[in-house]
Each structure stands twice: as structure tokens, then as C-alpha cells.
Amino acid sequence: MARIPTAPVVAASLIGGYLVARESGRRPLGGAVLAVGGVVAGREWLRHAGPVGTAVLGTVYLGSFGASHPLAKKIGAWPAVVSAAGASAGAAWVLSDRRP
């Protein structure tokens, strides 16, 4: 099975989830995008970062999603979403993707 780089997966799912929820007006659809990205990334994290790394990265992924909501009130929706995506992607690269 080919390795899937998770940094772009988590960034795309956070940005894509926000965009789907915003454009459709249905937050559960955005949540579905977020969930699919989390499952794809989680499987790769488990293979390459182990259970502890997966737990840390899952926490960063969901935590950045949660933190983007109050952050959006301070800096705006798009900057908050991009910040969350960047934080999650950076953590994914450092803890999983850059490993051989």
C-alpha cells in the first residue's frame, strides 16, 4: 500500500470541511469532510507514528478545529481556518510524514 502524506490531507479536510459547511449551509456535511480526512490521516498516523503519535496528532487535529471557532471571532473565519489547517498540517509533517 502506498504511503499517503497526511499534512495535505488534514489541511484540505479542515479547509474543505469549512467550505462545504459554509456553502451548503449544513454543518454536518462539513463535519463529514472533517471525519473522512481524520480517518484517512489516522490510519497513516497509526502506521507511521504509532499509537501515541496518533493520539497526539488526533488531538491536534480536533483541537485546532475546536480552537478555530473562538479564534474566528477575533481574526475572522478564513484566517482562523487557515491557521488551524497550518497547525495540523505542520504537526502531521513533523510527527509522521517526514519519517521514513
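Residues numbered from 1 in each chain as written. Predicted model: local features only at pLDDT ≥ 70, side-chain atom pairs only at ≥ 80, totals over all residues. Heavy atoms only, no water.

Turning to the packing of aromatic side chains, a few remarks are in order. Working definition: an aromatic ring pair is given by the centre-to-centre distance plus the angle between the planes. This structure, assessed with the given rule, holds two aromatic pairs. Taken together, a centroid distance of 4.8 Å and an interplanar angle of 85° make the contact between Tyr18 and Trp78 edge-to-face. Of this pair, Tyr18 sits in helix 1 (residues 6-24) while Trp78 sits in helix 3 (residues 77-97); the two residues are 60 residues apart in sequence, bridging distant segments of the chain. The partly exposed category is assigned to Tyr18, whose relative accessible area is 23%. Here Trp78 falls in the partly exposed class, since its relative accessible area comes to 33%. Considering the side-chain rings of Trp45 and Tyr61, the 6.5 Å spacing of their centres and the 75° angle between planes classify their relative orientation as edge-to-face. (Phe/Tyr/Trp six-rings, centres within 6.5 Å; stacked < 30°, edge-to-face > 60°. Helix = DSSP H or I, 4+ residues; strand = E, 2+ residues; numbered from the N terminus. Buried < 20%, exposed > 50% of the residue type's maximum accessible area, 1.4 Å probe, protein only.)

Here we come to the nonpolar core. Val10, Trp45 and Tyr61 are the most contacted members of the largest nonpolar core, which totals 15 residues. Among the elements of the structure, helix 1, helix 2 (27-75) and helix 3 are those that each provide at least two residues to this core. If you tally residues by element for this core, the top one is helix 2, at six residues. The contact partners of Val10, leaving out residues within four places of it in the chain, are Ala41, Trp45, Tyr61, Ser88, Ala89 and Ala92. (Core = buried A, V, L, I, M, F, W, Y, C linked by side-chain atoms within 4.5 Å. Contact = heavy atoms within 4.5 Å.)

Looking now at the packing of helix 1 against helix 3. Their axes nearest at 7 Å, the elements helix 1 and helix 3 cross at an angle of 160°. Classed by the angle they form, the pair helix 1 and helix 3 counts as roughly antiparallel. As for how helix 1 packs across helix 3, the hand of that crossing is right-handed. Where helix 1 approaches helix 3, its residues Thr6, Ala7, Pro8, Val10, Ala11, Leu14, Ile15, Tyr18, Leu19 and Arg22 are matched on the opposing element by Ala77, Trp78, Val81, Ala84, Ala85, Ser88, Ala89, Ala92, Trp93, Ser96 and Asp97. (Axes fitted to C-alpha atoms, helices over the stretch in contact; angles between N-to-C directions. Parallel < 35°, antiparallel > 145°, perpendicular 65-115°, else oblique. Left-handed = near helix turned anticlockwise from the far one by under 90°.)

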